[in-house]
Amino acid sequence: MAPQLASGVVSVSSTLSAFAALKDNGQVVTWGDFNGGGDVPSDVARHLTSGVVKIFSNIWAFAALKNDGSLHTWGASWGGGDSSAVASELLEGVVDVFTSGSTAWAALKSSGKLVVWGDTSAYAAGPLTASAVSAKLESGVVKVFSTNKAFAVVKDDGEVVTWGFGQSADST
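Residues numbered from 1 in each chain as written. Predicted model: local features only at pLDDT ≥ 70, side-chain atom pairs only at ≥ 80, totals over all residues. Heavy atoms only, no water.

The next subject is the layout of surface pockets. Of the volumes computed, that of the largest pocket is approximately 270 Å³. Along the wall of the largest pocket there are 14 residues; nearest its centre are Asp43, Val44, His72, Ser83 and Ala87. Contributing elements (two or more residues each) for the lining of the largest pocket: helix H1 (42-45) and strand S6 (71-75). The element best represented in the lining of the largest pocket is S6, accounting for three residues. By residue class, the composition of the lining of the largest pocket is six nonpolar, six polar and two charged. Put simply, the second largest pocket is a space of about 160 Å³. (1 Å grid on protein atoms, 1.4 Å probe; cavity = no way out; pocket = protein on both sides within 12 Å on 5 of 7 lines; lining within 4 Å. Points joined across faces, edges and corners; volume = space filled by probe spheres on them. Helix = DSSP H or I, 4+ residues; strand = E, 2+ residues; numbered from the N terminus. Nonpolar A, V, L, I, M, F, W, Y, C, P; charged D, E, K, R; others polar.)

Okay, here's the thing in structure tokens:
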């Protein structure tokens, strides 16, 4: 057993081939396959030494929510481990994170905005399929639900907005 895992672990998350342990001091310890998030790139690793309050995962990637409201991702780029396209949106105000299947992610911000990244294919619920409803995701989102390939949100006015494979962007 690695010395970092001998005590203080409060939760463990997993991908298909890696693990991430959250310690009581807010540090994240990872192990397993590189492509599955077992090895954290140095630009992300510096954010995982303290202050992490929750780890999220799908089968390919991890996301760590910090106590300052920032979110940091790693793992396979095709699985959402690369959130560079929306990185500026994830620097503050993130309150919850959701994943759809193995490739699309959504971060709910305290402002009610939903930030989406990950797979852009027509068979997933990533940014490409969310673009049809993106204006409705800018504010007022209060609840988020996901299936394997779709998302649905409830807005503060009661409207339901859906997108992803098998979903109509016109659904309300």
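Moving on from the model shown.
This part covers the side chain of His72. By the element assignment, His72 lies in strand S6. The class of His72 is buried, set by a relative accessible area of 10%. Excluding its chain neighbours within four sequence positions, the residues that come into contact with His72 are Val44, His47, Phe62, Ala63, Ala64 and Lys66. (Buried < 20%, exposed > 50% of the residue type's maximum accessible area, 1.4 Å probe, protein only. Contact = heavy atoms within 4.5 Å.)

If you walk through the whole model with that rule in mind, you get four salt bridges. We note a salt bridge from Glu89 to Lys113, for which the minimum N-O separation is 3.1 Å. Of this pair, Glu89 sits in the loop between S6 and strand S7 (94-100) while Lys113 sits in the loop between strand S8 (104-109) and strand S9 (114-118), placing them 24 residues apart in sequence. Classification of Glu89 by relative accessible area gives partly exposed; the value is 26%. Since its relative accessible area comes to 16%, Lys113 is described here as buried. (Salt bridge = Lys/Arg side-chain N within 4 Å of Asp/Glu carboxyl O.)

This part is about the pairing of strand S3 (residues 28-32). Note: strand S2 (residues 18-23) against S3, five bridges, orientation antiparallel. When the bridges of S3 are listed, Ala21 appears paired with Val29. Count of turn residues in the S2/S3 antiparallel hairpin: four residues, of which Gly26 carries a positive phi of about 85°. (Pairing = 2+ DSSP bridges.)

Strand pairing in a sheet relies on backbone hydrogen bonds. The paired strands run either parallel or antiparallel. Across the sheet, three strands lie side by side as S1-S2-S3; this open sheet has antiparallel pairing. The open sheet has two edge strands, strand S1 (9-14) and S3, and neither has a second partner. Adjacent strand axes in the sheet meet at a mean angle of 20°, parallel and antiparallel pairs treated alike. In this structure, S1 lies alongside S2, joined through five bridges in antiparallel fashion. Among the inter-strand pairings, Ser13 is bridged to a residue of S2, identified as Ala20. (Axes fitted to C-alpha atoms, helices over the stretch in contact; angles between N-to-C directions.)

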